[in-house]
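Now for the letters of each chain:
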Amino acid sequence: MAPILEMRGITKRFPGVVANDDITLSIQEGEIHALVGENGSGKSTLMNILYGLYHADAGEIVFRGRPTTISDARDAIELGLGMVFQHFMLVDTLTVAENVILGAEPAKLRFVDYRTAVERVEALARDYGLAVDARAKVSDISVGQQQRVEILKALYRNAKVLILDEPTAVLTPQETEELFDVLKNLRGQGTTIVFITHKIKEVLAISDRVSVLRRGRLEGTRDTAETSHRELAEMVVGREVLLRVEKTPATPGETVASVAGLTVRDRRGGVLVNDVSLEVRRGEVLGIAGVEGNGQQPLVEAITGLLRPESGEITLHGQPIHGLGPMAIKKRRVSYIPEDRHKRGLILDYSVADNLILGLHSEAPFVERYLFRNAKEIAEHAEKLVREYDIRPPNPRQIVRTFSGGNQQKVVVAREFSRNPEFLVCSQPTRGLDIGAIEFIHEEIIRQRDQGTAVLLVSAELDEILSLSDTIGVMYGGRIVAVMPAQESDERRLGYLMLGGDPDTAEGAHLDTPAS
Amino acid sequence: MIPQQASLTSRDVLVPVFSVVLALLAGSVFILIVGENPITAYGVLFRESFGSVRNIAATLQRATPLVFTGLAVAFAFRCGLFNIGAEGQLYVGAMVAAIIGVSLTGLPRLIHLPLAVVAGMLAGGVWAFVPGILKAKLGVHEVINTIMMNFIAYFLTDYLVTGPFHGGRWAPETDRVADTATLARLFPPTRLNGGIIIAVAAIAVIYVILWKTRIGYEIRAVGFNPTAAEYGGISVSRNMVLAMVLSGACASLAGVEQVLGVHGRFIQRFSPDLGFVGIAVALLGKNHPVGVLLAAILFGALRTGGAAMDRLTDVPRELIVIIQAMIIMFVAADELTRSLLRRRRPV
Ligand SMILES: Nc1ncnc2c1ncn2[C@@H]1O[C@H](COP(=O)(O)OP(=O)(O)O)[C@@H](O)[C@H]1O
Ligand SMILES: [Mg+2]
């Protein structure tokens, strides 16, 4: 089969970085081509060049054998390219159909013919198996459905090549499955798909071929059927990687944190956390598995003082801490990696140095004479942590917004871990990160554990829970439905419980395995 | 070209300068329409605002109150708050300063003047505290409440200046404040007064608070990202109230300066929209104290030079209003494009 699209010798420089370095890539018609690489490896840049949003410094684009210039998105759309960005570009207050037709409205006497629009969008959705209600308001539908709207937008404009930039980063595991079905369906109908991700599992699950980028260069292209998880991981990271965290068995000590009968309600009185009790011991990782939205976040926020529980007790070394504010709880040597680093963990417009003191900013040595910032101490603190945690680029004065996701998360981790916490709460600590950063953060969590920290780890990634935890709890519908030693759990059993399976039946299913 | 966390980026400097140039260019079209030569007209404008020490003094005098209101708006903005109430705050500040200045006598200047100034600031602070606390505790938008407080300030001072504190003359104004409470004239016959010294001090103080203190760190954190601030143990509500109070105190100094340094008394509705022009000053000055100073001087110069241009050429002084509006438009349009760009930039 002939390539529908070739990028030849593409180079793109940004101040201080070569984002794409002489990349040559060819996309076959009708394939799902995965583009994989760590954050900052140049995937988005390459696709933005293809879509006419950036202009290459060198190189050419060949479409169906003919050299083409794509100077803006309009050119790209005319060629039959469609792009789904990681951050959707939808108008929340409009309906699905209105969003799809926006800018290309069917018109009758210059009025938008809304009925035709809905019909066309519904037909399109039906043809491609993209279940979504054309009349629903975008603000009312889920993220997964919003993504479908973006795909529909591209298809409505007759996209023959569909580019998706990290489409799964915002999806739950179920939604990811559904997206894969949609993509396979599209491929079946002749659409060519470029699928950007940094998850190798997804590459193996969906793609026909895969190209790996590392530091702006093309490491190589492989037929998915002929490569392996290990080979791709090495190409992505550029060295051998540990696919499992190496750790010794835990030696738990006394209970550090305990939660008893905790109930949290939302403003309308709906129960978010329902009578939860748990204990975290010194030198132990308690993992809480669960599909997101089953009360993990309110649980964690209640523990860290960001949410006020309705009832129940939270104690630290036997002292009650519920009802204290986040500052008071921090001062008791509780560290917290929040699940949303942009919303909670970082002030994106602050420098690395200023982010590294968030929460410590009112304490000595960062403040002197009660009021004045000690610039020298702040800078030294930052330089030390940037070095220790290998934050790149190593410039403490640079604002955090300009860093890659992995390095942003390293800033949070550096700040929270370097305080020598007694109790460490980690919520989705590696969300959206690439393999290298995940490996690093996992090692740091285990190091904390080995130093005697009590760790509460909340994650929707089963791999993460299974590889780090010593004890595993499963949260479903606001409750902890089961707690078990890590050795007695496996992916199947946790998956079953996470989806609301009956814990007793799950126990039953395990009767044939030797009891511990 | 690594983006640094500087208080001002090169872009923050380029955009306002560019906007001013564009506005002047656009203004020259209007000058041509009224049949004058733009170069001549702008020459007059420049000469009359900066051409001599005396003209510079007059420009600085016009700039002084705008420094206060500009700083006030900028400071609140750093905490994510839009203080449209500088006008009301400066009126209550002016009134309280006038009352202290008129009713107390026999005090030494060293006590009387600071007392009047501080009392005025307190009044402005209290005036801004109300919308601040309503925002922090009840989530009522500060724009609504600062506007409401403006009206209360207008009518309250209307009442006070025509009622209890009405002076001996028929006009709606108080008596002259005691000599011991006046801000000395620095460069007669211009009305440049000691207020400019307070203004320079205010610039320094606001700068230090914002970037050199724990309070500034917290206030800016709340302005950038309140949820992350909360996570960092920073009280969002306390900092919002604090930012509003300091903003109000700063705005009130504009009124204090007008009463103690310019008019010598409180005159009903004396302010030529100083509080609202402060919004433009903050916008053009990119909410930075130094930017505010420069923007205030520019606006001061336009007002001084504009009056002369009106006298000496066929160009009406309304041209100044047009130029001011254009400047704001260009600066604001940039914010718009930039926020659009930020949203579109794929990650
Ligand atoms: N608009 C831009 N200006 C400056 N640098 C950029 C810009 N876009 C991307 N970069 C830099 O180019 C490199 C590649 O980024 P990107 O293509 O977004 O990577 P990926 O999508 O693989 O995570 C990074 O170092 C990033 O910081
Ligand atoms: Mg990207």
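Residues numbered from 1 in each chain as written. Chains lettered and ligands numbered in written order. Predicted model: local features only at pLDDT ≥ 70, side-chain atom pairs only at ≥ 80, totals over all residues. Heavy atoms only, no water.

## Some thoughts on the overall build of chain B
The following threshold applies: Secondary structure is summarised from DSSP: a helix means a run of H or I of at least four residues, a strand means a run of E of at least two, and numbering begins at the N terminus for each. Only protein chains enter the accessibility calculation, which uses a 1.4 Å probe; a residue is then buried when its area is under 20% of its type maximum, exposed when over 50%, and partly exposed in between. Accessible surface is estimated by sampling points in the Shrake-Rupley manner with a 1.4 Å probe; for residues, cover comes only from the protein chains shown.
When helices and strands are counted, chain B shows 13 helices and 0 strands. Listed by position from the N terminus, the elements making up chain B come as α-α-α-α-α-α-α-α-α-α-α-α-α. Overall, chain B is about 70 × 60 × 30 Å in size when its C-alpha atoms are taken along their principal axes. In chain B, which comprises 347 residues, the proportion classed as buried is 54%. Approximately 14900 Å² of chain B is accessible, and the part contributed by carbon and sulfur atoms is 71%.

## Remarks on the pairing of strand S10 (residues 192–197) of chain A
The side chains of a regular strand alternate, first on one face of the sheet and then on the other. Residue and element names in this part refer to chain A. Rule in force here: Two strands pair under a simple rule: DSSP has to find at least two bridges between them. With its strands directed away from the observer, a crossover is right-handed exactly when the path from the first strand over the helix to the second travels clockwise.
In terms of burial, S10 is largely enclosed, as 6 of its 6 residues are buried. Neither face of S10 is open: one carries Thr192, Val194 and Ile196, the other Ile193, Phe195 and Thr197, and all of them are buried. Bridge count between strand S3 (residues 32–36) and S10: 5 bridges; the pairing is parallel. Opposite Val36, over in S10, you have Thr197 as the bridge partner. Of the crossover connections in this fold, the one passing from strand S9 (residues 161–164) over helix H6 (residues 173–188) to the parallel S10 is right-handed.

## Regarding the domain arrangement of chain A
Residues and elements named next belong to chain A. Applicable threshold: An automatic or database domain assignment is the source of the domain bounds shown. Once two parts are joined, some of their accessible surface, as seen by a 1.4 Å probe, is lost; buried area is that loss totalled over both. The term salt bridge refers to a side-chain nitrogen of Lys or Arg lying within 4 Å of a carboxyl oxygen of Asp or Glu. Any pair of N or O atoms that falls within 3.5 Å is considered a polar contact. Within protein, one atom must be able to donate a hydrogen and the other to accept it, and sequence-neighbouring residues count only if both atoms are side-chain atoms.
Under the domain assignment used here, chain A contains domain 1 (3–237), domain 2 (244–333 + 420–516) and domain 3 (345–419). Taking only C-alpha atoms into account, the centre of domain 2 sits 27 Å from that of domain 3. Summed over both partners, the interface of domain 2 with domain 3 buries about 1300 Å², with 63% contributed by carbon and sulfur atoms. Our count for the domain 2 to domain 3 interface comes out at 0 salt bridges. Joining domain 2 to domain 3, the criterion identifies 5 residue pairs in polar contact (both at pLDDT 80 or more).

## Some details on the packing of aromatic side chains
Residues and elements named next belong to chain A. Worth spelling out the cut-off: Think of it this way: a Phe, Tyr or Trp ring, Trp meaning its six-membered ring, pairs with another when their centres are within 6.5 Å, and the plane angle makes it stacked under 30 degrees, edge-to-face over 60, tilted otherwise.
Counted under the stated rule, the structure contains 14 aromatic pairs over all chains. Both rings, one in Phe180 and one in Phe195, keep their centres 5.7 Å apart while their planes meet at 70°; by these two values the pair is edge-to-face. Taken together, the residues Phe180 in helix H6 and Phe195 in strand S10 connect sequence positions 15 residues apart. Across this residue pair, the class does not change: Phe180 and Phe195 are buried.

## Details of the sheet that holds strand S4 (residues 58–63) of chain A
Residues and elements named next belong to chain A. Applicable threshold: Axes here mean lines fitted to C-alpha atoms, for a helix over just the part in contact, with angles spanning 0 to 180 degrees between N-to-C directions. Residue contacts are counted whenever heavy atoms from the two residues lie within 4.5 Å of one another.
The sheet built from 4 strands is open, its strands ordered S2-S1-S4-S5 with antiparallel pairing. Across the chains shown, the open sheet's two edge strands, defined by having one partner strand only, are strand S2 (17–28) and strand S5 (66–68). Geometrically, the sheet is characterised by an average inter-axis angle of 25° between neighbouring strands, direction not taken into account. Of the strands in this sheet, strand S1 (3–14), S2 and S4 are in contact with helix H1 (residues 43–50), which crosses S1 at around 120°.

## A short note on H6 of chain A
All names here are of chain A. Counted only if it meets this: How far a helix is expected to stretch is found by multiplying one less than its residue total by 1.5 Å. Note that the arc is defined by the directions from the helix axis to the C-beta atoms.
Over its 16 residues, H6 runs 23 Å from end to end, which matches the ideal 22 Å to within 8%, given 1.5 Å per residue. For H6, every residue scored as buried is listed here: Glu175, Thr176, Leu179, Phe180, Val182, Leu183 and Leu186. In an axial view of H6, the angular spread of the buried residues amounts to 165°, which keeps them on one side of the axis. Among the exposed residues of H6, those oriented more than 90 degrees off its buried face are Pro173, Glu177, Asp181 and Gly188. Those residues of H6 hidden inside the fold are in contact with S3, helix H4 (114–128), helix H5 (143–156), S9, S10 and helix H7 (200–206).

## Things to note about the side chain of Thr157 of chain B
Here Thr157 of chain B is to be found in helix H6 (residues 142–162). Excluding anything up to four places from it in sequence, Thr157 of chain B contacts Tyr91, Met95 and Phe266 of chain B.

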